[in-house]
Amino acid sequence: MAKRITAIPATLNPFTSTPIAHQVKRKVAGYARVSTDMEEQLTSYENQVDYYTRYIQGHPDWEFVGIYTDEGITATNTKHREGFNRMIDDALAGRIGLIITKSVSRFARNTVDTLTTVRKLKEKGVEIFFEKENIWTLDSKGELLITIMSSLAQEESRSISENTTWGKRKTFADGKSSIAFTRFLGYDKDFQINEEEAKTVRLIYKLFLTGLSYYAITKELQRQHLPTPTGAKNWRISTVKSILTNEKYKGDALLQKGYTVDFLQKKRKRNEGEIPQYYVEGHHEPIIQPETFDRVQAEIQLRYGNGKKFSGVSIFANKIKCGECGGWYGAKVWHSNDKYKKVVYQCNHKYKDGCKCGTPHVSEKEIEDLFLAALDKLCDAKEKMIENLEILHHTVISTTGFEKEREALLNEVSELEKSLRSIISRNARIATNQADYEAEYNRILEAGDYKRKIARIEELTEEMSMAQSRGERIAFFIEQLENMKECPNAFDADLWGGIVESMTVFSKDNVVFNFVGNIEVAIG
């Protein structure tokens, strides 16, 4: 007996589980996006919105849900596209059954994002129609076509990204740069100085050189109600530090400090030698004079170098010592709640752990008067002081011995690393006993004393940097002495911060100043 086969047609939609014969208007939305804010692109964007609104409303069996849009947004990933993400959420929630869009490249330029989104929507019975490619995603051949088209779109993005990167690097190599002027305090577009903001920059440098810490500077800026680079009220230590260390404020520019690692995710990384950098001197007009900028870098190294801590809550902090116990003087507020309020400095150990130092407290006015008295003595011997400081300056900045030792060590380390690269390369090409490979690797390291040499190179680098910092301070002291036509009769916070190492108090009538260059002046 011959077989007889009878086809039983499907009665339910496999995606929506609704009867096939059930006539319900399909909920349709459009998606439009342009990737730049150029005028011609915006015209295209408006045309897309108008076209898809009329296109959807022109189908009597479709219910118009709306047009979802993203304006001026790149599409290499979908994380920051609010309109797109809102549309997908609505579709998954059952408010959209069909999405109409111009093309795969308008939808997304990332293969993974495209396919993930299409499959997620497909599971919920939501279809996407890509008009340019004529692809319906619930069609049997839809996913294959999407994979091909989105891969091509992704390669287009890669090509655009690489061309843009090449153009930027060529610009850097030519010594040209731009700044994010909305977040760069003191400069507007094309490095034009914003004089109002530049006052804040100069104040930050001045406060630092008088002896204030990063934290103390933030408090002073907030007290004066000066806005941050982003216009906020509260300053961060990191912002102050960034301003004090950014070479652009002295008119130079270090180009290509960071680079984009992944063109899809736009992930950026700090350039630690992976690609070239370019340092351009005299790139634009400075806000801070180069010698002042260099003094600040030297002071940062002396205060915070090698993990040191620095108080700097006022210009007198970390400057006044107790002649009896050797401890630091700290600020104390007397009569804080009445009209007799004043700040005095006394030994921090005066009443601590049974210690009762006999050294007296000193007021800010007394400190200023004592400093002026010490300057009088410096002026009396100014010529001899300058002569001695110039000899000291030459000695301090002479790092020839350090440089020769460091260069020799760098050459030795380079040879060791060449040997290590050789056995690593051999191990990668030829099947080798890994225990033997590791033993040979460690033998080269130990025989060459690699770790000690690296540690010594770091020590020498630090010592050379500290010598440069001390040299900067001595040079500033010499300059101040040379410019003193007559002895100052008013306290100068900049001078105090720049030339005083410490002031040791033994009694009201016995104070010793230690100036930069180990110059001691006794008062009393």
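Rules used in this analysis
- Residues numbered from 1 in each chain as written.
- Predicted model: local features only at pLDDT ≥ 70, side-chain atom pairs only at ≥ 80, totals over all residues.
- Heavy atoms only, no water.
- Helix = DSSP H or I, 4+ residues; strand = E, 2+ residues; numbered from the N terminus.
- Buried < 20%, exposed > 50% of the residue type's maximum accessible area, 1.4 Å probe, protein only.
- Contact = heavy atoms within 4.5 Å.
- Pairing = 2+ DSSP bridges.
- Arc of directions from axis to C-beta.
- Axes fitted to C-alpha atoms, helices over the stretch in contact; angles between N-to-C directions.
- Parallel < 35°, antiparallel > 145°, perpendicular 65-115°, else oblique.
- Left-handed = near helix turned anticlockwise from the far one by under 90°.
- Nonpolar A, V, L, I, M, F, W, Y, C, P; charged D, E, K, R; others polar.
- Salt bridge = Lys/Arg side-chain N within 4 Å of Asp/Glu carboxyl O.

Q: I'm lost on the overall build of the protein in this one. Help?
A: Of the regular secondary structure elements, the protein holds 15 helices and 16 strands. The buried share among the 524 residues of the protein stands at 40%. When contacts within the protein are restricted to residue pairs at least 6 apart in sequence, long-range pairs at least 24 apart make up 63% of them.

Q: Hey, could you run me through the pairing of strand β16 (residues 519-523) in this one?
A: Here β16 shows one buried face, formed by I519, V521 and I523, and one open face, formed by E520 and A522. Hairpin remark: strand β15 (residues 510-515) followed by β16, antiparallel, with 3 residues in the connecting loop; positive phi at G517, about 90 degrees.

Q: Hey, could you run me through helix α2 (residues 82-92) in this one?
A: Residue pairs spaced three or four apart in an α-helix point in one direction, given the helix's 3.6 residues per turn. Taken as a whole, α2 has its buried residues at G83, F84, M87, I88, D90 and A91. For α2, the buried positions fall inside an angular range of 160 degrees around the axis, keeping them on one side. Immediately downstream of α2, the backbone of G94 shows phi near 90 degrees, a positive value.

Q: Where do I start with the packing of helix α6 (residues 195-209) against helix α7 (residues 214-223) in this structure?
A: Geometrically, a packed helix pair is captured by the angle between its two axes and the distance between the axes. In the contact formed by α6 and α7, the axes pass within 10 Å of each other and the chain directions differ by 135 degrees. When the axes of α6 and α7 are compared, the pair comes out oblique. For the pair α6 and α7, the sense of crossing is right-handed. Contacts between α6 and α7 involve T200, L203, I204, L207 and F208 from the first element and Y214, I217, E220 and L221 from the second. Partitioning the contact of α6 with α7 into residue classes produces 7 nonpolar, 1 polar and 1 charged.

Q: What's the story with the side chain of T399 in this structure? I'm lost.
A: Here T399 lies in the loop between α11 (382-397) and α12 (400-429). In this structure, T399 is in contact with M464 and A467, ignoring residues within four places of it in sequence.

Q: Looking at this model, I keep getting lost on the sheet that holds strand β13 (residues 362-363). Mind explaining?
A: Hydrogen bonds between backbone atoms are what pair the strands of a sheet, whose relative direction is either parallel or antiparallel. Read across the open sheet, the 3 strands follow the order β11-β12-β13; overall the sheet is antiparallel. What marks the edges here is a single partner per strand, and that holds for β11 (329-334) and β13. One ladder, built from 6 bridges, connects β11 with strand β12 (residues 342-347); its direction is antiparallel. Residue V333 lies in a different strand from β12, and its bridge partner there is V343.

Q: Where do I start with the pattern of salt bridges in this structure?
A: Two side chains carrying opposite charge are able to pair once their charged atoms lie near each other. This structure, assessed with the given rule, holds 22 salt bridges. R95 is paired through a salt bridge with D90; the nearest N and O atoms lie 2.9 Å apart. Exposure remark for R95: the relative accessible area of 46% places this residue in the partly exposed category. For the salt bridge of E220 with R223, the shortest nitrogen-to-oxygen distance reads 2.7 Å. Here E220 pairs with R223, and both are found in helix α7, just 3 residues apart, close to one helical turn.

Q: What is the right way to look at the sheet that holds strand β10 (residues 320-322) in this model?
A: An order of β10-β14-β15-β16 is seen for the 4 strands of this open sheet, with the pairing classed as mixed. With partners counted over all chains shown, the strands left at the sheet margins are β10 and β16, one partner each. Here the average twist between neighbouring strands, direction ignored, is 25 degrees. Two elements, β10 and strand β14 (residues 500-507), share 3 bridges in a ladder whose sense is parallel. Counterpart to K321 in the pairing with β14 is T504.

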